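Letter by letter, the chains look like this.
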Amino acid sequence: MTGTSAALFVAVFLACAVEAVEAVTIVLAAGTARDWRSAGLGVGSGLVVLAAVVAALGPALTAIPLGALRLVVGGLLLVFGLQWLRKAVLRYSGHKDLHDEDAIFQRELAAARTAHAERRFAVDDWYAYTLSFKGVVLEGLEVAFIAITFGSNQHDVPLAALAAGCAVLLVAAVGFAVRAPLARVPENTLKFVVGVMLTGFGIFWGAEGADAHWPGDDAALLAIVPLVALFALGLVALLRRTAPPRGSAAASVPALQLEQP
Amino acid sequence: MIDRLRAFGAFWYDFVIGDDWRVAAVVATALAVTFAVSKTSIPAWWILPAAVAVVLPWSLWQARRR
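Conventions used here
Residues numbered from 1 in each chain as written. Chains lettered and ligands numbered in written order. Predicted model: local features only at pLDDT ≥ 70, side-chain atom pairs only at ≥ 80, totals over all residues. Helix = DSSP H or I, 4+ residues; strand = E, 2+ residues; numbered from the N terminus. Buried ≥ 20, exposed ≤ 12 C-beta atoms within 10 Å, placed from the backbone. Contact = placed C-beta atoms within 7 Å. Nonpolar A, V, L, I, M, F, W, Y, C, P; charged D, E, K, R; others polar. Axes fitted to C-alpha atoms, helices over the stretch in contact; angles between N-to-C directions. Parallel < 35°, antiparallel > 145°, perpendicular 65-115°, else oblique. Left-handed = near helix turned anticlockwise from the far one by under 90°. pLDDT = per-residue confidence, 0-100. Expected span 1.5 Å × (residues − 1). Core = buried A, V, L, I, M, F, W, Y, C linked by C-beta atoms within 7 Å.

## Some thoughts on the overall build of chain B
Here is step 1: On a plain count of helices and strands, chain B comes out with 3 helices and 0 strands.
Here is step 2: Secondary structure elements of chain B, listed N to C terminal, follow the sequence α-α-α.
Here is step 3: With respect to the three principal axes, the spread of C-alpha positions in chain B is 50 × 30 × 10 Å.
Here is step 4: Burial analysis of chain B (66 residues in total) assigns 24% to the buried set.

This is the structure we're talking about:
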C-alpha cells in the first residue's frame, strides 16, 4: 500500500467512524427508550435509502471528468474540513463545550421517553422508527459522500468503501455489544484528526482540480496534512490564552488526549 | 409545501455551507483565483494553503467574539 493509499484508508476510516458513533448513539437511544424492533426497522429503511443514493451517485461521479470532480469535491471537502477544524479548535481551546456522546445519549433518551407511541403501517412505534431512520440517513449520507468522493478522486473506490465498511461495522458491533453510548471513543480527538485530513485532502484536490501543479506531485499530500495539523495546533495554543474562565465552555481541558480515557 | 422546500434548502445549506458562510466564500474565491493563475506562468499551488491560513483564524476570531 502506497503512502497516499494509506492516507486515503485512514482518512475515510476515521471520518466514517465518527459519523457511525453519532448514528449508533441515536439508534441506541431509540431502541433503549422505545422499541428495539421499530428502531431496527428504521435502521433497515435508512440503509435501503443510503444504498439507493450510493447506487445513483457512484456511477454518476465516475462519469465526471477527473479535473472537474477534483475541483468540486476538493472545494466541498475543504469547506467541510475547515468547518470541522474550526469546531475542533474552538473545543480544544476552551471556547466551546466538548462533544459529549454520553450527554447526547441522555438527551435523546429523555426526549424519546416523553414522546407518544403511535402505530403506523407495520411499525409498532413510529417515533422510534423515524428517530433511527433519520439518524442513519443523515449520518450515513456523510459516510457515503466521504467514501465515494475520496475513492473517486484517488481512483480507488474499493479501498475507500472497505475503509468505510470496516469503520461502520466496527462501531456498530461495539455499540450493540455494550448497548451503551460509545463515550469512551475519543470522539473529539477523532474529529480534530478528521478535520485536518479533510482540509489537507481538500487543499490538494481543490488545487489540482483548478489546474495547479503541486511540487512533488502526490507526495505533496504527505506534507500538506502534517502542516495543516501543526497550524491547527498552533491556533489551539493561541486561542487557549483567551479562553473563558473554568466552568464556562470547556476551559478546563488541558490536552487533546484528556477528554476520555 | 413551501415549508418543506424551505426545510430541504436549509438542510443542504447546513450540510454544505455550515456555520460560517465566509469559509465557503473564501474557498470558492481561492479556487477561482487558483484556476486563473494556473493559466499564467506563475505557480498556483500556494493559493489554497494561503487562503486556509487566512480564513481559519478569521473564522475562529469571529466565533470567539460571539
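Structure's up, so let's keep going.
## Observations concerning the interface of chain B and chain A
Here is step 1: Chain B puts 25 residues into the contact, and the matching count from chain A is 26 residues.
Here is step 2: The greatest single-element share of the side of chain B that touches chain A, amounting to 11 residues, is contributed by helix α3 (residues 47-65) of chain B.
Here is step 3: Taken together, the residues that form the side of chain B that touches chain A break down as 18 nonpolar, 4 polar and 3 charged.

## Observations regarding the packing of helix α7 (residues 187-209) of chain A against helix α8 (residues 221-240) of chain A
All names here are of chain A.
Here is step 1: Where α7 contacts α8, the axes come no closer than 9 Å and their chain directions differ by 130 degrees. Judged on the interaxial angle alone, α8 and α7 are oblique. Crossing angle aside, the handedness with which α7 passes α8 is right-handed. For the pair α7 and α8, the contacting residues are V196, M197, T199, G200, I203 and F204 in the first and L221, I224, V225, V228, A229 and A232 in the second.
Here is step 2: Class assignment of the residues belonging to the contact of α7 with α8 gives a composition of 10 nonpolar, 2 polar and no charged.

## Thoughts on the confidence of the model for chain A
Residues and elements named next belong to chain A.
Here is step 1: Here chain A shows a mean pLDDT of 81. Residues at 70 or above account for 88%.
Here is step 2: Put simply, helix α4 (residues 101-114) is where chain A has its lowest mean pLDDT, 72, and α8 is where it has its highest, 92.
Here is step 3: Low confidence marks residues 249-261, where pLDDT is under 50. Its contacts with residues over four positions away, or in another chain, come to 32 contacts.

## Considering helix α1 (residues 3-33) of chain A
Here is step 1: Along its 31 residues, α1(A) runs 45 Å from first to last C-alpha, staying within 8% of the 45 Å computed at 1.5 Å per residue.
Here is step 2: Burial analysis of α1(A) places 25 of its 31 residues in the buried class, which makes it a mostly covered element.

## Describing unusual backbone geometry
All names here are of chain A.
Here is step 1: Even without being a glycine, D211 presents a positive backbone phi close to 75 degrees.
Here is step 2: Among the secondary structure elements, D211 is positioned in the loop between α7 and α8.
Here is step 3: Unusually for a residue other than glycine, D217 sits at a positive phi of about 50 degrees.

## Brief notes about the nonpolar core
Residue and element names in this part refer to chain A.
Here is step 1: Counting residues in hydrophobic clusters, the biggest one holds 94 residues, and the most contacted among them are V12, C16, A20, V89 and A147.
Here is step 2: Top contributing element to this core by residue count: α1, with 21 residues.
Here is step 3: Excluding residues that lie within four positions of it along the chain, A147 makes contacts with V12, C16, A160, A161 and A164.

## A closer look at the confidence of the model for chain B
Residue and element names in this part refer to chain B.
Here is step 1: Mean pLDDT over chain B: 89, with 98% of residues reaching 70 or higher.
Here is step 2: By mean pLDDT, helix α1 (residues 2-16) is the weakest element of chain B at 80, and helix α2 (residues 21-38) is the strongest at 94.
Here is step 3: Of the two predicted TM-score estimates for the complex, the pTM is 0.73 and the ipTM is 0.90.

## A few points about helix α5 (residues 126-153) of chain A
Residues and elements named next belong to chain A.
Here is step 1: Taking 1.5 Å per residue, 28 residues should reach 40 Å; α5 reaches 40 Å between its end C-alpha atoms and fits that length.
Here is step 2: Of all 28 residues making up α5, 21 are buried, and the element is well covered by its neighbours.
Here is step 3: One or two residues past the end of α5 sits H155, with phi positive at roughly 55 degrees.

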